[in-house]
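Here is how the chains run, residue by residue.
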Amino acid sequence: MGEALPVAGRERQRAVAQALRAFLPERAVLWQEEDTRPYECDGLTAYRQVPMVVALPETEAQVQEILRACHALQVPVVPRGAGTGLSGGALPPGDGVLLSLAKFMRIVRVDPVARIAVVQPGVRNLAISDAAAPYGLYYAPDPSSQIACTIGGNVAENSGGVHCLKYGLTVHNVLRVRGYAADGEPLDFGAEALDAPGFDLLALVVGSEGMLAVATEITVKLLPKPPAARVVMASFDDLQKAGDAVAAVIAAGIIPAGLEMMDRPATRAVEEFVGAGYDLEAAAILLCEADGLPEEVEDEIAKVKEVLTRAGATRLTVSRDEAERLRFWSGRKAAFPAMGRISPDYYCMDGTIPRKRLGEVLGFIGDLEKKYGLRCPNVFHAGDGNLHPLILFDANDAGELKRTEAFAAEVLEKCVAVGGTITGEHGVGVEKINEMCVQFGSEELELFHAVKRAYDPAGLLNPGKAVPTLARCAEFGRRHVHAGALPHARLPRF
Amino acid sequence: MAERLRERIREAAGRAAPLRLRGAGSKDFYGGTLRGEVLDTRAHAGIVDYEPTELVVTARCGTPLAELEGALAAQGQMLAFEPPHFGSGATLGGCVAAGLSGPRRAAAGALRDFVLGARLIDGRARELAFGGRVMKNVAGYDVSRLLAGSLGTLGLILEVSFKVLPRPATEHTLRLELPQHKALESLNRWAGAPLPVSASAWRDGELWVRLSGAERVVRAAALKLGGDALEGAHAGRFWSGIREQTDPWFAGDVPLWRLSLPSAAAPLELAGAPLIEWGGALRWLRSRADAATVRAAAAAAGGHATLFRGGDKAAGVFAPLAPALARLHRELKAAFDPAGVLNPGRLYPDF
């Protein structure tokens, strides 16, 4: 648990709260611990810190004033959306202001002709698609936490979802981000046109984990909703065969709307939980979804079935209707809560690997299970190589926690070693900051710091996240990972 | 080879001598003034890694774009953003530095959308690697996408990894006769419906639409949209003419403006009829109107205008930036190239 503020900090707290109260109503400035405690962590609960002050602005002018005031007082500021992030990107500063954008919940405009939605950052991901639905449109990126996560957080993390092989990540679906720099200067990246002059600063701000700017208005692209979707569920008696089947689907010129894999430990855990109808004898199952016009879906499903049969699928089931399609997906989406049922704690990794190395990496993980005496079911965004191994452990057992950390560290290092990355979609935040030393050399890290300075020379916006200092990398040498379990344990994830 | 390029940059930075990074020079016409000694990137060539089932290709900057596209086509794949070559010998490095996308852009995405990773040499002659060869990667700032369209001002792009896509099973092109405002209205309406439109071009009262995808879907859409079908080879020549600007519409020496606008923006009140691509979002204009007039019209419509070819570059090639963004550009430039030796003035006159 984060410490409450030491007495020495009280004066500073009073000064900052007072400065903010000069232009914010009383209800918009929280500083008493009972009010600030709920903000002590985001979705990564292993890291907690009660913020010195929480600010809850309602207007852009207030956001600007907060940033100006904090800049004048040299107080760190951490922006936060719904707090569902999984890497501690919104971990508050004990000596700073947590800037909650929760009140920015307005859908400013849905333009069905131009196929865009202009929304405030606190709007939930799913609320955008709901608002666009009457026009037959939707917002494509669908992180599994989409009922709760906000578009502001999606922009900060460049969130993905189960459909991103075909429809892209947040960066591919956002047209414009308006907001403020750390010193309160207004910024406007991108445009309602498809590009803007100069450097692509829109691409740079997406996924910057709230370190370059605070977004106050986001314009997203809306796509026509595919009229039909069906999913094929395929069983394999061998993990490598399932991996090869994924390659075979791609080789056949198919880009499925979704392509997910689960190994047997994962299917067994979820089947008990939701009864999705999975084949529990299979070493792995693949879910492959086709969407589009009905005739397109029909053709693609036929082709997928043929390819998967040739690839050695032992059983194939095609969803007959929407209810069955959703049932097949329900198991996948419930994978994380299901782990919560069979283990006191679980630690989720987020590495991405080239798909062709899947068999090797899963074999490696299997060896680590034996080495550390811990179970590790795997769910996998197979289409884009994003692996979510889930180490099951008991946080109350210090030995297990330690072994989990070492286990996770080896897996992430393996991801880097096979040409992949330490984080595909959850972000670095505080959680993987040491792994950044494995992924990047000191010169790249130095450049990241230089980019940060270009936007925020005083280093006040979300300091200490995402990019480690060179001193930190030197100190840690080989990095070590902290474990964290999820709050909102029943919220669908990934 | 990369070591030799680094040495040249280190040496030039040491004496603050501008370098002009250049592949085949097919895009010399594009952007601001060309200054400095030429640093030819063509010797650093070749496809480093191509795994069709990973949907990823990695190639060095000097690789001819045609060679890369040929290798992809042999596996039934493509660069989905259809980059223009603007001349034989166009290289991958120049393609990324220019950041330009072709007819499929509105449907498939822009060049920057397909960049997965890059290696570069920055202005301090450091060889740096960002992103990777995987589809999803959120470790660190997205520097590789930032290189797309940076015109070599941030670093020498050594190597790029792209996401590639399968070529569509079928393509079919239609021609309809429609006045400009009707064409814009139709294009925006179609884009809001599940139709396989992969490219569009309107000029002189005629609208060409390309449909791509599964055969049954393309056939059904063609019936729905109407118009006259174009025979395959003819259609191919037409789209190549649009992509490479060899279509007769682009001939002549009247300055060519590129206006990037919201797709639904009404026809602009500017002298000269446009050629419209990207479902209305890209409008080419041949006009001798002064830069301020063109830029004001583009800005009023929610977009921006670039003096793409010809004309008087003294008024600036790219739309001026708001002061806050101009400052960020200068700061980023200083972070990548403190001595200011890489393609100075190519993007904006002040760096």
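Residues numbered from 1 in each chain as written. Chains lettered and ligands numbered in written order. Predicted model: local features only at pLDDT ≥ 70, side-chain atom pairs only at ≥ 80, totals over all residues.

Visitor: Run through the overall build of chain B, naming residues and quoting values.
Guide: A tally of helices and strands in chain B yields eleven helices and 17 strands. Principal axes of the C-alpha set define a box for chain B whose edges measure 60 × 50 × 35 Å. Residues classed as buried in chain B amount to 56% of the 351 residues present. Across chain B, contacts joining residues at least 24 apart in sequence account for 67% of those joining residues at least 6 apart. (Helix = DSSP H or I, 4+ residues; strand = E, 2+ residues; numbered from the N terminus. Buried ≥ 20, exposed ≤ 12 C-beta atoms within 10 Å, placed from the backbone. Contact = placed C-beta atoms within 7 Å.)

Visitor: So, the packing of helix α14 (residues 358-372) of chain A against helix α15 (residues 398-417) of chain A: which residues are in play, and what are the values?
Guide: Packed helix pairs are characterised by how far apart their axes lie and by the angle those axes make with each other. All names here are of chain A. At a minimum axis distance of 11 Å, the contact between α14 and α15 shows a crossing angle of 160°. Looking at the two axes, α14 sits roughly antiparallel to α15. Here α14 runs over α15; the crossing is right-handed. Only Arg403, Ala406, Phe407, Glu410, Val411 and Lys414 of α15 make contact with α14, whose side of the interface consists of Val361, Phe364, Ile365, Leu368 and Tyr372. Its residues assigned to classes, the contact of α14 with α15 shows eight nonpolar, no polar and three charged. (Axes fitted to C-alpha atoms, helices over the stretch in contact; angles between N-to-C directions. Parallel < 35°, antiparallel > 145°, perpendicular 65-115°, else oblique. Left-handed = near helix turned anticlockwise from the far one by under 90°. Nonpolar A, V, L, I, M, F, W, Y, C, P; charged D, E, K, R; others polar.)

Visitor: Can you tell me about the sheet that holds strand β12 (residues 206-213) of chain B, naming the residues and giving the values?
Guide: All names here are of chain B. Taken in spatial order, the eight strands line up as β13-β10-β12-β11-β15-β16-β14-β17 in an open sheet, and their pairing is antiparallel. Looking at which strands have only one partner, the edges of the open sheet turn out to be β13 (228-230) and β17 (304-309). Strand-to-strand twist in this sheet, taken as the mean axis angle between neighbours without regard to direction, amounts to 20°. Of the pairings in the sheet, the one linking strand β10 (residues 170-177) to β12 comprises eight bridges and is antiparallel in character. Paired with Leu176 across the strands is Leu207, a residue of β12. Across the face of the sheet, helix α9 (residues 232-243) comes into contact with β10, β11 (197-203), β12, β13 and β15 (274-277) while running at roughly 80° to β13. (Pairing = 2+ DSSP bridges.)

Visitor: Mind laying out the interface of chain B and chain A, listing which residues take part and the relevant values?
Guide: Every contact between the two is made by 67 residues of chain B and, on the other side, 75 residues of chain A. A per-element tally of the side of chain B that touches chain A places helix α11 (residues 323-336) of chain B first, with seven residues.

Visitor: Give a description of α9(B) that names residues and reports values.
Guide: Residues and elements named next belong to chain B. In a regular helix each residue adds 1.5 Å, so twelve residues correspond to 16 Å; α9 covers 16 Å between its end C-alpha atoms and thus fits that length. Within α9 the residues assigned to the buried category are Trp239, Ile242 and Arg243. Projection of α9 onto a plane perpendicular to its axis shows the buried side chains occupying an angular sector of 95°, all on one side. Along α9, exposed side chains directed more than 90 degrees from the buried face belong to Ala233 and His234. Summarising the contacts, the buried residues of α9 are in contact with β11, β12 and β15. (Expected span 1.5 Å × (residues − 1). Arc of directions from axis to C-beta.)

Visitor: Tell me about α11(B), and name the residues and values.
Guide: Here α11(B) is 14 residues long and its end C-alpha atoms lie 20 Å apart, about the 20 Å a rise of 1.5 Å per residue gives. Taken as a whole, α11(B) has its buried residues at Leu328(B), His329(B), Leu332(B), Lys333(B), Ala335(B) and Phe336(B). On an axial view of α11(B), the arc spanned by its buried residues comes to 160°, and they lie on one face. Residues of α11(B) that are buried in the fold lie against α8 (201-205) and α17 (442-455) of chain A.

Visitor: Break down the nonpolar core for me, with residues and values.
Guide: In this structure, Val53(A), Val97(A), Val220(A), Ala234(A), Ala245(A), Leu286(A) and Ile157(B) are the most contacted members of the largest nonpolar core, which totals 271 residues. Not counting chain neighbours up to four residues away, the residues in contact with Val220(A) comprise Ile116(A), Ala117(A), Val119(A), Ile128(A), Tyr139(A), Ile151(A), Asn173(A), Val174(A) and Leu175(A). (Core = buried A, V, L, I, M, F, W, Y, C linked by C-beta atoms within 7 Å.)

Visitor: I'd like a description of the environment of Phe336(B), backed by residues and values.
Guide: The topology assignment puts Phe336(B) in helix α11. When sequence neighbours within four positions are dropped, the list of residues in contact with Phe336(B) reads Asp122(B), Gly123(B), Leu154(B) and Gly155(B).

Visitor: Tell me about the sheet that holds strand β4 (residues 56-60) of chain B, and please be specific about residues and values.
Guide: Residue and element names in this part refer to chain B. Taken together, five strands build an open sheet; the order of strands is β3-β4-β8-β6-β7 and the sheet is antiparallel. The sheet is open, and its two borders are formed by β3 (47-51) and β7 (127-131), each paired with just one other strand. Pairs of neighbouring strands in the sheet enclose a mean axial angle of 10°, with direction left out of account. Pairing geometry for β3 and β4, over four bridges, is antiparallel. Bridged to Tyr50 within β4 is Val57.

Visitor: Which residues make up unusual backbone geometry, and what values go with them?
Guide: All names here are of chain B. A positive phi angle, close to 50°, is found at Ala16, a residue other than glycine. Here Ala16 shows up in the loop between α1 (2-14) and β1 (19-22). Of note in this structure, Phe86 is not a glycine but carries a positive phi near 55°. Positionally, Phe86 belongs in the loop between β5 (77-78) and α3 (92-98).

Visitor: Describe the environment of Pro134(A), with residues and values.
Guide: Looking at the element boundaries, Pro134(A) is found in the loop between α4 (125-132) and β7 (137-138). Taking the C-alpha atoms as reference points, Pro134(A) and Cys288(A), separated by 154 residues in sequence, lie 28 Å from one another.

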